[in-house]
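If you want the building blocks of each chain, they are given just below.
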Amino acid sequence: MSEAAGTIEAEKSRDIRKRWLLSLPALLIILVAASGPLLIVLVYSFLTPGPYGDVQWLPSLEGWINVVLEKDIFDGTFSLADAHVSIFVRSVMLSLVTTVLTLLVGFPTAYFIATRPEKTRELWLLLITIPFWTNLLIRTFAILEVIRNEGLINGLLLKFGLIARPIQMLFTDGAILTGMVYVYLPLMVLPLYASMEKLDFRLVEAGYDLYATPFKVLRKIIIPLVKPGIIAGSILVFIPALGAYVTPSILGGGKNLMLGNLIELQFGQGRNWPLGSALSITLMLIVMVALLAYVRNAGSQGSRHG
Amino acid sequence: MARTFSIRRQRGFTTIAMICFFALYLPIAVLVFYSFNAGDSLASFDGISLRWFAGAFENQQVIDASLRSLQIAAVAAVIATIAATMAALATTRTEAYRGLTLKYAFINQPLMIPEIVTAVALLIFFARIKIWTGYSGLGYLIAAHTAFCIPFAYLPIRARLENMDLTLEKAAADLYATPWKAFRYVTLPLLWPGILAGFMLAFVISLDDVVITEFVKSAGQDTLPTYMLGQIRRTITPEMNAISTLFLFLSICVVTVFFIVNRKRV
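Computed from a predicted structure; not experimentally measured.

Side note on the overall build of chain A
Stage number 1. For chain A, the count of helices and strands is 13 helices and 4 strands.
Stage number 2. Scaling as 2.2 N^0.38, a compact globule of 306 residues should have a C-alpha radius of gyration of about 19 Å, whereas chain A reaches 25 Å, well beyond that.
Stage number 3. If you take every contact in chain A between residues at least 6 apart in sequence, the share linking residues at least 24 apart comes to 66%.

Written as structure tokens, this is what we have:
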């Protein structure tokens, strides 16, 4: 008996060893070309900037201090780095507004798709999936075409004599916002749809039987039931929006920066790699907090229903 | 005609959905439309012409960047799909074992870190390696692309595996198939649609990447997206529209095939 148990144990540990071997290539590739280098960023954030970019191997907290404070070059006192703080605030605000707007547009859209007959549903879904998988750069470029001074909107308005000069829409926060809502919308619709697809309409029917208005049904039955989808969609939009680089750099121009562009600046013209590293770690921490909040929420949702 | 009351109806939702679909496709339609512009600028449409497509096909930089993009995407997607298939086999159809959660976290890690952070990390890391080894070829881009493609290739393969039970493999083993034979003649054919879907996702993701490529590439290693980003920041001619239209066409083809492959499996 114990012998048999022993063989089963040996079998099991052999199986686990085999499974580790099988997953080794994937784990190694990710370790070398994705996860591992993040540790180097952490180390670099505590070093001194080199004169031509890169770093000098002298430990320093300056990178971290510079994230929110700036040193006066004359008297050496510290004050709040307004430029950085305002970029932080702008990034978070723009990402939050993007999330809310995509939710306001995405929710009815996902609901519309989920309530189509089985046959046409796939087609509507494909219409959302195509933009999802087409190049983000091209979609941003498409928005640029529409809102440029020589673009579609200004062109039409000028043609019909509604305006005398083109309206400056490009290189504003509004342009970044429009672009981000446009490119991230599919990321909101898809998870929303996934949870609405499973919606039990008998509950909705029960609501109507109890004389609820359509709005009340929406508020008290549908929204609570698809809450996991709402949260998943919001996270999926918020995280890439916060780290967005391509969309703000094309639509925001050089002035209206977001965190991603500020980080890039430190590795380019700014030549302050430690500051850039510290900013990167900060961005990652914000994302981690958002993800943890999501996991906790999803966890408690799961335990409540299971 | 009196409208029948439907419990599924919510006032205004259909209208918003229609506006949403319209708004999603209008900018893309404008972009495609102007790629056929005979005129020089985007300000006016002067008749239909294919001159910008012809221009794109004669632009050596565009050709080089496109070939480089395809080469990187092909190599990265093949390696990522093989690694992801092995990892999926190792992490499904088993009881929880020590380190399994760690593996999940690790494989999905590139999805959770903002791209700009990974890009910066790779810039620093590869800059060091370039100094140490003197090698500055496409290997860095391929390695970076492979890493962020793995989670995308992994998703459909794992989903497919989780819908397969072990009965068929056990039957094969009962009939004296070696583990390799059982894998080759039983598991692999069943898993194939998942692998194909994973490969296509990885290929598209690699082809589309801008941020990581922009930071990792050495001089003269522009891919099509980084070349386009550079051009968009300088001067825009309808040639950009023509290149975008071709790129869009390629993406839509891949997505449609992916959709069909995925649908057949149910």
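We are not done yet, so read on.
Let's talk about the packing of helix H7 (residues 173–197) of chain A against helix H10 (residues 227–242) of chain A
Residues and elements named next belong to chain A.
Stage number 1. Interhelical geometry of H7 versus H10 gives an angle of 155° and a closest axis separation of 8 Å. As the angle between them shows, H7 and H10 are arranged roughly antiparallel. In this structure, H7 meets H10 at a crossing whose hand is right-handed. The segment H7 lies against H10, with Met180, Tyr184, Leu187, Met188, Pro191, Leu192, Ala194, Ser195 and Met196 engaging Pro228, Gly229, Ile230, Ala232, Gly233, Leu236, Val237, Pro240 and Ala241.

Section: the domain arrangement of chain A
Stage number 1. Domain annotation for chain A reports domain 1 (1–44) and domain 2 (81–305).
Stage number 2. The straight-line distance from the C-alpha centre of domain 1 of chain A to that of domain 2 of chain A is 36 Å.

Comments concerning unusual backbone geometry
All names here are of chain A.
Stage number 1. With phi around 65°, Phe171 is a residue other than glycine that occupies positive phi space.
Stage number 2. Within the secondary structure layout, Phe171 lies in the loop between helix H6 (152–159) and H7.
Stage number 3. Located in the positive-phi region is Tyr211, a residue other than glycine, with phi close to 65°.
Stage number 4. Here Tyr211 shows up in the loop between helix H8 (201–209) and helix H9 (214–225).
Stage number 5. Judged by C-beta crowding, with 7 C-beta atoms within 10 Å, Tyr211 ranks as exposed.

Describing helix H7 (residues 167–174) of chain B
Stage number 1. Burial of H7(B) is sparse: only 0 of the 8 residues sit out of reach of the surface.
Stage number 2. Tyr176(B), located one to two residues past H7(B), shows a positive phi value of around 65°.

Looking at the confidence of the model for chain A
Stage number 1. Taken as a whole, chain A shows an average pLDDT of 88; of its residues, 94% reach a score of 70 or greater.
Stage number 2. Predicted confidence is poor over residues 302–306 of chain A, with pLDDT under 50, and the contacts of this stretch with residues over four places away or in other chains come to 0 contacts.

Some words on the interface of chain B and chain A
Stage number 1. With 68 residues of chain B in contact, the opposing surface of chain A contributes 65 residues.
Stage number 2. Put simply, the parts of the chain that give the side of chain B that touches chain A at least two residues each are helix H1 (13–34), helix H3 (60–91), helix H4 (100–112), helix H5 (115–133), helix H6 (139–162), helix H8 (179–208), helix H10 (224–233) and helix H11 (238–264) of chain B.
Stage number 3. Class assignment of the residues belonging to the side of chain B that touches chain A gives a composition of 53 nonpolar, 10 polar and 5 charged.

Let's talk about H4(B)
All names here are of chain B.
Stage number 1. For H4, with 13 residues, the first-to-last C-alpha span of 18 Å sits near the 18 Å given by 1.5 Å per residue.
Stage number 2. Along H4, the largest kink reaches about 30° and is centred on Phe106; proline Pro110 follows within four residues of it.
Stage number 3. Burial in H4 covers these residues: Phe106, Ile107 and Pro110.

Criteria and thresholds
Residues numbered from 1 in each chain as written. Chains lettered and ligands numbered in written order. Predicted model: local features only at pLDDT ≥ 70, side-chain atom pairs only at ≥ 80, totals over all residues. Helix = DSSP H or I, 4+ residues; strand = E, 2+ residues; numbered from the N terminus. Rg over C-alpha atoms; globule rule 2.2 N^0.38 Å. Contact = placed C-beta atoms within 7 Å. Axes fitted to C-alpha atoms, helices over the stretch in contact; angles between N-to-C directions. Parallel < 35°, antiparallel > 145°, perpendicular 65-115°, else oblique. Left-handed = near helix turned anticlockwise from the far one by under 90°. Domains from an automatic or database assignment. Buried ≥ 20, exposed ≤ 12 C-beta atoms within 10 Å, placed from the backbone. pLDDT = per-residue confidence, 0-100. Nonpolar A, V, L, I, M, F, W, Y, C, P; charged D, E, K, R; others polar. Expected span 1.5 Å × (residues − 1). Bend = angle between axes of the 7 residues up to and from the residue.

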